[in-house]
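# Observations on chain architecture
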Amino acid sequence: MIIREILVHLKSHEEWSPHIDYAVGTARVFGARLRGLVTFHEIVMLRSLPRFAGPGLDEQAARDAATSKSLGERFAKACAAAGVDGRFATADGAAGEIVPWASRLHDLTIIEQRQPDADELGFDAAEETSLSAGRPVLLVPRHGHFRPAPEHILVAWNGSAMAASAVQGAMPFIERAKKVTVCSGELRLPLRPGSRIPDISIADHLRAHVAEVSEEVTELGPGLVGEHLLNRANELGCELIVMGAYGRSWFSEYLLGGATRHMLKHMTVPILTGR
C-alpha cells in the first residue's frame, strides 16, 4: 500500500489541535497530499427547522464562515511551512456521518480522539470512522505530541480479518519502523473441530518487512485486552498501536465493553485501526 492522499478532520470548535500537526508531519513523511476537512453540525439542525430558525440561521452561517476562513488559513500555513501539498474542504453535517464517507476517498484518515465535554452530542466521529470507513484510520490522542514516523510499533494480533486489515493499512509505517512487537491473543478462526492450521506466523510475515520483530502471547479475557495493550505500549516505548476494530458487533461492544472501546477512551499513543 502506498499513501498518496491523507484526510484529517478539523473540529469546528477547536482553533487548532496537535493531531493536525501530526497529520501534517505524516503527510511530509510519505510525500502525500493532505486534505483538511472541517464539518459544521449546528447549521444543519437550524435548516431542518426553518420555521423556528429565523435570523439564527444567518448568524450561524456567518460564524461558520469565519471559523472556516480562520482554520483554512492556518491549515494552509502549516502545510506550506512543512512543504506539504495541502487542500481544504468544508461540509455541513455530523462529523460521525461525513468523515467516514470522506475517508473512503483517501488512503489514510487521521482523526482526534473524542472529547466528551466539547464534541457533538450523539456522535463519536473517531469511533464511527473506525467502524465504517473501510479504509485505514489513524486515531490520535487529545493530548501529547507524537512522532509521525514511529520507530517501535505494537501490533495486536488475533488472526481475524479486522486485524489483518489493520496490519495491511499500517504497512507503510511498519516498513519504516526499526522494530515491531506483536501481542498475540486467542485466534479468532472459524475452524471445524480437529482442524490444524499451517505453521505460519504473523511474526514471520512481518520479518519480510521490518528487521526486528518480537512476539508475545497473551491469554487474557476480552475485558482486559485493551488495558494490557496500552500498558505494554507504554512499557516498551511503542509509538503506534495497530489493531483491528470491533471483533464483535457495535451493539455488543457498547453493551459489553471490549478492547476497541477501552482503547478509544484511554489511548495514550496513536492507534491505527482496520475493519
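Residues numbered from 1 in each chain as written. Predicted model: local features only at pLDDT ≥ 70, side-chain atom pairs only at ≥ 80, totals over all residues. Heavy atoms only, no water.

## Looking at the side chain of Glu14
On the secondary structure map, Glu14 appears in the loop between β1 (5–11) and α1 (18–30). Of the buried charged residues, Glu14 lacks a salt bridge, with Lys11 as the closest side chain of opposite charge at 4.4 Å. (Helix = DSSP H or I, 4+ residues; strand = E, 2+ residues; numbered from the N terminus. Buried < 20%, exposed > 50% of the residue type's maximum accessible area, 1.4 Å probe, protein only. Lys, Arg positive; Asp, Glu negative; His and termini not counted. Salt bridge = Lys/Arg side-chain N within 4 Å of Asp/Glu carboxyl O.)

## Some words on the sheet that holds strand β10 (residues 271–274)
Across the sheet, which stays open at both edges, the 10 strands sit in the order β3-β2-β1-β4-β5-β10-β9-β6-β7-β8 with mixed pairing between neighbours. Looking at strand neighbours, the two that pair on one side only are β3 (86–92) and β8 (212–217), the edges of this open sheet. Each adjacent strand pair in this sheet contributes to an overall mean axis angle of 20°, direction not counted. The sheet contact formed by strand β9 (residues 240–244) and β10 spans four bridges and is parallel. In the strand pairing of β10, Ile241 is matched with Ile271. (Pairing = 2+ DSSP bridges. Axes fitted to C-alpha atoms, helices over the stretch in contact; angles between N-to-C directions.)

## Quick look at the packing of aromatic side chains
For the coordinates displayed, the defined rule picks out two aromatic pairs. Summarising the aromatic geometry, the rings of Phe30 and Phe173 are spaced 5.0 Å apart at their centres and angled 75° between planes, so their arrangement reads as edge-to-face. Here Phe30 is found in helix α1, whereas its partner Phe173 is found in helix α7 (residues 161–174), with 143 residues between them in sequence. On the accessibility criterion, Phe30 (11% relative accessible area) is buried. Taking the centre distance of 6.3 Å and the plane angle of 45° together, the rings of Phe75 and Phe88 count as tilted. Highlighted residues: Phe75 in helix α4 (residues 55–82) and Phe88 in strand β3, separated in sequence by 13 residues. Assessed through its relative accessible area of 1%, Phe75 is described here as buried. Of the residues examined, Phe88 reaches a relative accessible area of 30% and is grouped as partly exposed. (Phe/Tyr/Trp six-rings, centres within 6.5 Å; stacked < 30°, edge-to-face > 60°.)

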